[in-house]
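# Report on the structure
The chain contents come next:
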Amino acid sequence: MTSTLDESNKEKLRSVSVDLNHDASLLIDIPDALCERDKVKFTVHTKTTLSSFQKPEFSVPRQHEDFIWLHDTLVETEDYAGLIIPPAPPKPDFESPREKMHKLGEGEATMTKDEYTKMKQELEAEYLAVFKKTVQVHEVFLQRLSSHPILSKDRNFQIFLEYDQDLTVRRKNAKEMFGGFFKNMVKTADEVLISGIKEVDDFFEQEKTFLLDYYSKIKDSTAKAEKMTRAHKNIADDYIHVSATLSSISADDSTANKKHLEKLSDLFEKLRKVEGRVASDQELKLTELLRYYMRDIQAAKDLLYRRARALADYENSNKALDKARLKSKDIPQAEEHQQHCLQKFDKLSESGKKELTNFKGRRVVAFRKNLIEMAELEIKHAKNNVTLLQGCIDQLKNN
């Protein structure tokens, strides 16, 4: 199954608001994409007035692995340790709609032709929605970088945007994947060790407590939002069966009930469409937003970890300096190392405060915008439901 991005529907998908204060000097979007099995080929389009680029406007082909490469290079750059690195876009996953489509094919013999057609249309729409969301989260990642005053000037970011050939970024082999897994284990153990270090700044202590609690709440909210969206999708699917059953009964009915059954069948078909829009809007405006900020909160926690690591290094350098003075040996080297650790810690603390403060403002704006939009859509769909039900009742009474 292959899909391409429909430009006319693209604007409807804007779900994850990250308060991107676009700088007109560097504008990035993904106007086109092609999906083949598990691979998505993105067309990354850039428009710029910056002299560091060779052309004012250009497009390049990129795959998901290229985005991961860019994210990893930013995380591994020591100069960016005091910044919140925008979360990497998740790997494209079309397994769920494909599996549903396979099951639908197996159960075709048990359904009416009309019922099968409607179910297939629903699954095709679901597949297309997953595809569009995949394109969007990759686009948001690039736009977060382009709107950042420091990360937007990164050399690797410029190469990603401008180099018009395949980046040939290979997937990690088993050894490298194991190395990454081992590195995460070391980091987890390291977090436990440095958690015992006394925080010297109340701001960061409060941020750490808040983010840990907030992440837990966002994770729980995400699971409940997914459950709610799934329930609405199930209701829409049930309406298909109800509508098809009523239509089948009316076809065999020659009494006065025939018209009533046809009207009820038509009503449930219309209610199905409304219910499907409710599920889609909740997915885009709430569930996707929560998923994104789960990843963004983790990126903020990673910043706190890097600062805590720097604090631990500084305290260890103080102990090493005390030992050097006690032994009257290698004192200049110990003093130089202690000053280097202090400067690194102070730099991380200064930039970290700015990043975490901006993160709070960006988060509040994003949730306020999406919740307002979702509430307006919920009211609109509820009114449509009432109108449909009232119209059907009036028709039945008149008949």
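Below you will find a few notes about this structure. Note that the structure is a prediction, hence the values are computed from the model and not measured.

### Comments concerning the overall build of the protein chain
- Scanning the protein chain from terminus to terminus reveals nine helices and four strands.
- Walking the protein chain from its N terminus toward its C terminus, one meets helices and strands in the order β-α-β-β-β-α-α-α-α-α-α-α-α.
- By sequence separation, contacts in the protein chain at least 24 residues apart represent 77% of the contacts at least 6 residues apart.
- Per element, the accessible surface of the protein chain, about 22,600 Å² overall, is 54% carbon and sulfur.

### Details of the environment of leucine 284
- Inspection of the secondary structure puts leucine 284 in helix H8 (residues 257-327).
- Residue classification places leucine 284 among the buried positions, given a relative accessible area of 9%.
- When the C-alpha positions of leucine 284 and asparagine 370 are compared, they lie 9.0 Å apart, and in sequence the two are 86 residues distant.

### Examining unusual backbone geometry
- Non-glycine residue serine 328 carries a positive phi angle of around 55 degrees.
- Within the element layout of this structure, serine 328 appears in the loop between H8 and helix H9 (331-398).
- Given the relative accessible area of 60%, serine 328 is considered exposed.
- You will see that aspartate 330, though not glycine, has its phi angle at about 55 degrees, which is positive.
- Its location among the elements puts aspartate 330 in the loop between H8 and H9.

### Topic: the packing of aromatic side chains
- The full count for this structure, using the stated rule, is eleven aromatic pairs.
- Ring centres of tyrosine 292 and tyrosine 293 lie 5.5 Å apart, and the angle between their planes is 80 degrees; this geometry places the pair in the edge-to-face category. Residue tyrosine 292 shares its accessibility class with tyrosine 293, and that shared class is buried.
- Judged by centre distance (6.4 Å) and plane angle (45 degrees), the ring pair of tyrosine 293 and phenylalanine 359 falls under tilted. Of this pair, tyrosine 293 sits in helix H8 while phenylalanine 359 sits in helix H9; the two residues are 66 residues apart in sequence, bridging distant segments of the chain. This pair shows no difference in class: tyrosine 293 is buried, exactly as phenylalanine 359 is.
- Within the aromatic cluster, the residues linked to one another by ring pairs are Phe42, Phe67, Phe141 and Phe160.
- The positively charged end of lysine 301 is found above the aromatic ring belonging to tyrosine 215, 4.2 Å away from the centroid.
- A cation sits over an aromatic face here: arginine 363 above tyrosine 214, 4.8 Å from the ring centre.

### With respect to the pairing of strand S3 (residues 39-48)
- As paired elements, strand S2 (residues 26-36) and S3 share nine bridges and run antiparallel to each other. For aspartate 29, the partnering residue across the bridge sits in S3 and is histidine 45.
- Sheet topology note: the S3/strand S4 (residues 57-62) ladder contains six bridges and is antiparallel. Each bridged residue has a counterpart across the sheet, and for threonine 46 the counterpart in S4 is phenylalanine 58.

### Brief notes about the pattern of salt bridges
- Applying the stated rule across the entire model yields 17 salt bridges.
- Across the salt bridge formed by aspartate 213 and lysine 217, the nearest N and O atoms sit 2.8 Å from each other. Of this pair, aspartate 213 and lysine 217 both sit in helix H7 (residues 202-251), four residues apart, which is roughly one turn of the helix.
- Accessibility expressed as a relative area gives 48% for lysine 217, which makes it partly exposed.
- With a shortest N-O distance of 2.6 Å, arginine 272 and glutamate 269 are connected by a salt bridge.

### Some words on the side chain of serine 265
- Within the secondary structure, serine 265 is located in helix H8.
- Of the residues examined, serine 265 reaches a relative accessible area of 9% and is grouped as buried.
- A distance of 2.8 Å separates a polar side-chain atom of serine 265 from the backbone oxygen of serine 243.
- Beyond its immediate chain neighbours, meaning those up to four positions away, serine 265 contacts Ser243, Leu246 and Ser247.

### Some remarks on the environment of methionine 119
- Summarising the element assignment, methionine 119 is placed in helix H4 (residues 113-146).
- By relative accessible area, methionine 119 is classed as buried at 13%.
- As a C-alpha pair, methionine 119 and methionine 101 span 18 residues in sequence and 9.1 Å in three-dimensional space.
- Discounting residues that sit within four places of it in the chain, methionine 119 has contacts with Leu104, Asp237, Ile240 and His241.

### Points about H7
- For H7, which comprises 50 residues, the first-to-last C-alpha distance of 73 Å matches the rise-based estimate of 74 Å (1.5 Å per residue) to within 8%.
- One side-chain oxygen of the residue at the start of H7 lies 2.8 Å from the amide nitrogen of phenylalanine 203, identifying that residue as aspartate 201.

### Quick notes on a positive patch on the surface
- Taken together, the side chains of Lys319, Lys323, Lys327 and Lys329 make up a positively charged region of the molecular surface.
- With respect to the helices and strands, lysine 323 occurs in helix H8.
- Judged by its relative accessible area of 57%, lysine 323 is exposed.

Calculation criteria
Residues numbered from 1 in each chain as written. Predicted model: local features only at pLDDT ≥ 70, side-chain atom pairs only at ≥ 80, totals over all residues. Heavy atoms only, no water. Helix = DSSP H or I, 4+ residues; strand = E, 2+ residues; numbered from the N terminus. Contact = heavy atoms within 4.5 Å. Areas by Shrake-Rupley, 256 points an atom, 1.4 Å probe, with all protein chains shown as cover. Buried < 20%, exposed > 50% of the residue type's maximum accessible area, 1.4 Å probe, protein only. Phe/Tyr/Trp six-rings, centres within 6.5 Å; stacked < 30°, edge-to-face > 60°. Lys NZ or Arg CZ within 6 Å of the ring centre and 35° of its normal. Pairing = 2+ DSSP bridges. Salt bridge = Lys/Arg side-chain N within 4 Å of Asp/Glu carboxyl O. Polar contact = N/O pair within 3.5 Å; in protein donor to acceptor, adjacent residues only side chain to side chain. Expected span 1.5 Å × (residues − 1). Patch = residues over 30% accessible without salt bridge, like charges linked within 9 Å, V, L, I, M, F, W, Y side chains within 5 Å. Lys, Arg positive; Asp, Glu negative; His and termini not counted. Charge placed at Lys NZ, Arg CZ, Asp CG, Glu CD.

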